[in-house]
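Spelled out, the chains give:
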Amino acid sequence: MKIIEAKDIVYKYPDGTKALDNINFAVEKGDMVALLGPNGAGKSTLFLHFNGILEPSSGEIDVDGEKLNYKKKSLLRVRQFVGIVFQNPDDQLFAPTVEEDVAFGPLNIGLTQEETKKRVKDSLRKVGMEGFEKKPPHHLSGGQKKRIAIAGILAMDPKVMILDEPTSGLDPKGASKILKLLYELNAEGMTIIISTHDVDLVPIYAKNIHVIKDGKIIKKGSPHEVFDD
Ligand code: ADP
Ligand code: ADP
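Just so it is clear, the model here is predicted, and its values are computed rather than measured. (Residues numbered from 1 in each chain as written. Chains lettered and ligands numbered in written order. Predicted model: local features only at pLDDT ≥ 70, side-chain atom pairs only at ≥ 80, totals over all residues. Heavy atoms only, no water.)

## Some remarks on the site of ligand 2
So, point 1. By nearness alone, every residue bordering ligand 2 is listed as Asn 39, Ser 44, Gln 87 and Asp 164.
So, point 2. Between ligand 2 and the protein, one listed contact pairs an oxygen atom with a side-chain N or O atom of Gln 87 at 2.6 Å.
So, point 3. Here ligand 2, which alone exposes 550 Å², has 26% of that area covered by the protein.
So, point 4. Tallied by class, the residues present in the shell around ligand 2 amount to no nonpolar, three polar and one charged. (Near = heavy atom within 4 Å. Polar contact = N/O pair within 3.5 Å; in protein donor to acceptor, adjacent residues only side chain to side chain. Areas by Shrake-Rupley, 256 points an atom, 1.4 Å probe, with all protein chains shown as cover. Nonpolar A, V, L, I, M, F, W, Y, C, P; charged D, E, K, R; others polar.)

## Some remarks on the environment of Thr 45
So, point 1. Here Thr 45 is to be found in helix H1 (residues 43–47).
So, point 2. Between the C-alpha atom of Thr 45 and that of Gly 215, which follows or precedes it by 170 residues, the distance is 9.1 Å.
So, point 3. In this structure Thr 45 touches Tyr 11, Tyr 13, Ala 19, Leu 20 and Leu 54, once residues within four positions along its chain are discounted. (Helix = DSSP H or I, 4+ residues; strand = E, 2+ residues; numbered from the N terminus. Contact = heavy atoms within 4.5 Å.)

## Quick look at the packing of aromatic side chains
So, point 1. Considering all chains together, one arrives at five aromatic pairs under this definition.
So, point 2. Seen from their ring centres, Tyr 183 and Tyr 205 are 6.1 Å apart, and the 75 degrees between their planes marks the pair as edge-to-face. In this pair, Tyr 183 sits in helix H6 (residues 172–187) while Tyr 205 sits in the loop between strand S8 (191–196) and strand S9 (208–213), placing the two residues 22 residues apart along the sequence.
So, point 3. Members of the aromatic cluster, each reached through a chain of ring pairs, are Phe 25, Phe 47 and Phe 50. (Phe/Tyr/Trp six-rings, centres within 6.5 Å; stacked < 30°, edge-to-face > 60°.)

## Some thoughts on the confidence of the model for the protein chain
So, point 1. Within the protein chain, residue pLDDT values average 94, and 100% of them lie at 70 or more.
So, point 2. In the model output, the complex is listed with pTM 0.89 alongside ipTM 0.79. (pLDDT = per-residue confidence, 0-100.)

## Quick word on the pattern of salt bridges
So, point 1. All told, the structure shown has 14 salt bridges when counted by the stated rule.
So, point 2. A salt bridge links Lys 2 to Glu 5; the nearest nitrogen and oxygen atoms lie 3.9 Å apart.
So, point 3. Judged by its relative accessible area of 39%, Lys 2 falls in the partly exposed class.
So, point 4. A relative accessible area of 18% means that Glu 5 is categorised as buried.
So, point 5. Note that Lys 118 is salt-bridged to Asp 122, the shortest N-O span being 3.5 Å. Taken together, the residues span about one helical turn, with Lys 118 and Asp 122 both in helix H4 (residues 113–126) at a distance of four residues.
So, point 6. Connected via shared salt-bridge partners are Lys 7, Glu 60 and Asp 62. (Salt bridge = Lys/Arg side-chain N within 4 Å of Asp/Glu carboxyl O. Buried < 20%, exposed > 50% of the residue type's maximum accessible area, 1.4 Å probe, protein only.)

## Here we look at the side chain of Ser 123
So, point 1. Residue position: Ser 123 is located in helix H4.
So, point 2. You can call Ser 123 buried: its relative accessible area is 5%.

## Observations concerning the sheet that holds strand S5 (residues 66–67)
So, point 1. If you walk across this open sheet you meet the four strands as S2-S1-S4-S5, and the pairing is antiparallel. Every interior strand has two partners, whereas the edge strands, strand S2 (18–28) and S5, have only one.
So, point 2. One ladder, built from two bridges, connects strand S4 (residues 58–63) with S5; its direction is antiparallel. Following the sheet pairing, Val 63 is matched in S5 by Glu 66. (Pairing = 2+ DSSP bridges.)

Below is the structure:
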């Protein structure tokens, strides 16, 4: 079953830049997909369509088999279903402590203090950051910030997690740690979509790869199919 689908998506920024040029892209439930392409190819722009932050100039986005509509109530629902981790964790982390940061999402969707507390604890454990509850996020390393940003999304209990360049700015060890975490989340059933311009790391983890260039998908398939010619 397709959990995310983009049909004939064209997107033009207000200044006229055509960032997406008739994109067709589908992700099956339970998949771990990498969107691979150089800077400026359209990866971030495409991702921002999957939880309705951007509305296509033309075309349709389907989430969980339903056409995305841009009414406030539906958007709230879709943003719980599809979590996006931005490339720069500083865009996402703003509370004075790690635990308040991770609690922001659950409290925002109206969960009780008790349920929120439980989710914060579980999410920090999953990303290997228990013990950091009282620390200010801006004092952490890049990799740790990334993991806190991921914990904040996990605490919303999404079915799809999208990560924009999750390994950018990390050393190889930090990068493999993040990818290993994503691999584990995927093994537990979460659908994962990551963008990257890094040809080396991704094929080890992704089940399927879509290659994007100049706002177009130019290739897709298993890592073997994409890289063996
Ligand atoms: P990627 O994530 O692959 O690096 P982006 O989606 O950020 O690519 O960018 C795709 C294209 O859209 C690029 O040409 C970029 O310069 C342009 N772009 C991105 N954001 C904006 C914006 N806010 N306004 C105008 N053009 C933009
Ligand atoms: P990414 O690699 O994630 O696309 P970028 O460095 O391309 O990140 O973009 C960072 C921010 O700048 C994004 O919010 C993007 O929308 C915006 N941006 C990128 N290109 C342009 C552009 N040509 N004009 C205006 N904003 C842009």
